[in-house]
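Observations on the model geometry
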Amino acid sequence: GAGVSQSPSNKVTEKGKDVELRCDPISGHTALYWYRQSLGQGLEFLIYFQGNSAPDKSGLPSDRFSAERTGGSVSTLTIQRTQQEDSAVYLCASNLPGTGKGYTFGSGTRLTVV
Amino acid sequence: AQSVTQLGSHVSVSEGALVLLRCNYSSSVPPYLFWYVQYPNQGLQLLLKYTTGATLVKGINGFEAEFKKSETSFHLTKPSAHMSDAAEYFCAVSDRGSSASKIIFGSGTRLSIRP
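Here's a quick rundown of the structure. (Residues numbered from 1 in each chain as written. Chains lettered and ligands numbered in written order. Predicted model: local features only at pLDDT ≥ 70, side-chain atom pairs only at ≥ 80, totals over all residues. Heavy atoms only, no water.)

Assigned secondary structure in chain B consists of zero helices and eleven strands. When the helices and strands of chain B are listed from N to C terminus, the series reads β-β-β-β-β-β-β-β-β-β-β. For a compact globule of 115 residues, the expected C-alpha radius of gyration is about 13 Å, and chain B comes in at 14 Å, within 12% of that figure. Seen through its C-alpha atoms, chain B measures out along the principal axes to roughly 45 × 30 × 20 Å. Classification of the 115 residues of chain B by burial places 46% in the buried group. Taking the contacts inside chain B whose residues are at least 6 apart along the sequence as the reference set, 58% of them involve residues at least 24 apart. A total accessible area of about 5,400 Å² is found for chain B, and carbon and sulfur atoms account for 50% of it. Taken together, the 10 basic and 7 acidic charged side chains of chain B have centroids lying 3 Å from each other. (Helix = DSSP H or I, 4+ residues; strand = E, 2+ residues; numbered from the N terminus. Rg over C-alpha atoms; globule rule 2.2 N^0.38 Å. Buried < 20%, exposed > 50% of the residue type's maximum accessible area, 1.4 Å probe, protein only. Contact = heavy atoms within 4.5 Å. Areas by Shrake-Rupley, 256 points an atom, 1.4 Å probe, with all protein chains shown as cover. Lys, Arg positive; Asp, Glu negative; His and termini not counted. Charge placed at Lys NZ, Arg CZ, Asp CG, Glu CD.)

Another point: the nonpolar core. In this structure, Leu-21, Trp-35, Leu-48, Phe-74, Leu-76, Tyr-89 and Leu-111 of chain B are the most contacted members of the largest nonpolar core, which totals 28 residues. When contributions to this core are tallied by element, the ones reaching two or more residues are β2 (10-14), β3 (19-26), β4 (31-38), β5 (44-50), β7 (64-68), β8 (73-78), β9 (87-95) and β11 (109-114) of chain B. Those residues in contact with Tyr-89 of chain B that sit more than four places away from it in its chain are Gln-6, Leu-21, Trp-35, Tyr-36, Val-37, Leu-47, Phe-63, Leu-76, Gly-108, Thr-109 and Leu-111 of chain B. In terms of nonpolar packing, the next biggest core, distinct from the first, is built from 20 residues, Ala-67, Tyr-90, Cys-92 and Val-113 of chain A among them. (Core = buried A, V, L, I, M, F, W, Y, C linked by side-chain atoms within 4.5 Å.)

Let us now look at the side chain of His-75 of chain B. All names here are of chain B. Of note, His-75 is situated in strand β8. His-75 gets classed as buried once you look at its relative accessible area, which sits at 18%. Within the local environment of His-75, its side chain forms a polar contact with the backbone nitrogen of Cys-23, the two atoms lying 2.9 Å apart. Beyond its immediate chain neighbours, meaning those up to four positions away, His-75 contacts Leu-20, Leu-21, Arg-22, Cys-23, Asn-24, Trp-35, Glu-64, Ala-65 and Glu-66. (Polar contact = N/O pair within 3.5 Å; in protein donor to acceptor, adjacent residues only side chain to side chain.)

Moving on to the packing of aromatic side chains. Tallying each qualifying case throughout the model produces 15 aromatic pairs over all chains. Between Tyr-35 of chain A and Phe-45 of chain A, the ring centres sit 5.8 Å apart and the planes meet at 70 degrees, which makes this aromatic pair edge-to-face. Remark: Phe-45 of chain A occurs in strand β5 (residues 43-50) and Tyr-35 of chain A occurs in strand β4 (residues 31-37); sequence separation between them is ten residues. In terms of burial, Tyr-35 of chain A and Phe-45 of chain A fall into one category: buried. Here Tyr-25 of chain B and Phe-67 of chain B contribute two aromatic rings whose centre-to-centre distance is 6.0 Å and whose plane-to-plane angle is 35 degrees, an arrangement assigned as tilted. (Phe/Tyr/Trp six-rings, centres within 6.5 Å; stacked < 30°, edge-to-face > 60°.)

Let's shift gears to the sheet that holds β3 of chain B. Residues and elements named next belong to chain B. Here five strands make up an open sheet; going across it, the order is β1-β3-β8-β7-β6 and the pairing antiparallel. Each having just a single partner strand, β1 (3-7) and β6 (56-58) make up the two edges of the open sheet. On average, each strand axis in the sheet is tilted by 20 degrees relative to the strand beside it, whichever way the strands run. Both β1 and β3 contribute to a ladder of five bridges, which runs antiparallel. Each bridged residue has a counterpart across the sheet, and for Ser-3 the counterpart in β3 is Ser-26. (Pairing = 2+ DSSP bridges. Axes fitted to C-alpha atoms, helices over the stretch in contact; angles between N-to-C directions.)

This is the structure in structure tokens:
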């Protein structure tokens with residue numbers, strides 16, 4: 001597609017429920033990244049995928065968080081047993097490594113846990 | 001490990017004044033450096049980037065940044081602030097020694113413009 005697409009744009013969920021956030025990267029971009037932006041905070045790296053390599057999961061805050069990328073394209077970030085502190089904007093980005101170009105970000109999913 | 005430090009979480013300048021947003025980085029290998037801007041209620045967009053070559057990098061909207069290896073800095077400047085520059089600015093670094101590398105962002109600097 002022309003840009004990075006994320007869905008849903010907004011999600012309100014009850015504490016303890018599981019949520020899935022979706023990211024559809026730019027076609028041809030082999031790398032895909034997830035970040036979290038809490039209110040008034042910077043961007044916290046969560047996880048990234050590059051081609052068929054094992055993902056870098058070093059930023060995932062707990063084992064309630066997981067992500068997968070199917071077929072080297074669409075990615076899903078899953079948060080199990082959501083907590084109020086999970087409330088944030090979850091941003092996805094993609095790029096083609098080695099080109100020196102920055103990421104292209106999606107518009108994000110605003111997650112609110114009540 | 002790479003890191004980015006942005007000095008000043010909030011900077012306020014008068015319209016027409018110089019904008020200077022400070023960024024220092026830490027990287028064990030030559031870095032790629034970026035500035036991103038986030039306007040209110042919008043996503044992030046790339047303002048400018050340094051990869052190789054000329055150390056003075058020009059970006060959109062009249063912004064520029066200079067890579068100073070000796071000072072490990074990549075400060076963002078604009079000669080004359082405009083009201084439309086009010087936004088959150090993020091400095092970021094990635095490891096160009098790898099074929100693929102995550103970008104590490106600073107905590108951001110909120111720029112306010114006084115009329």
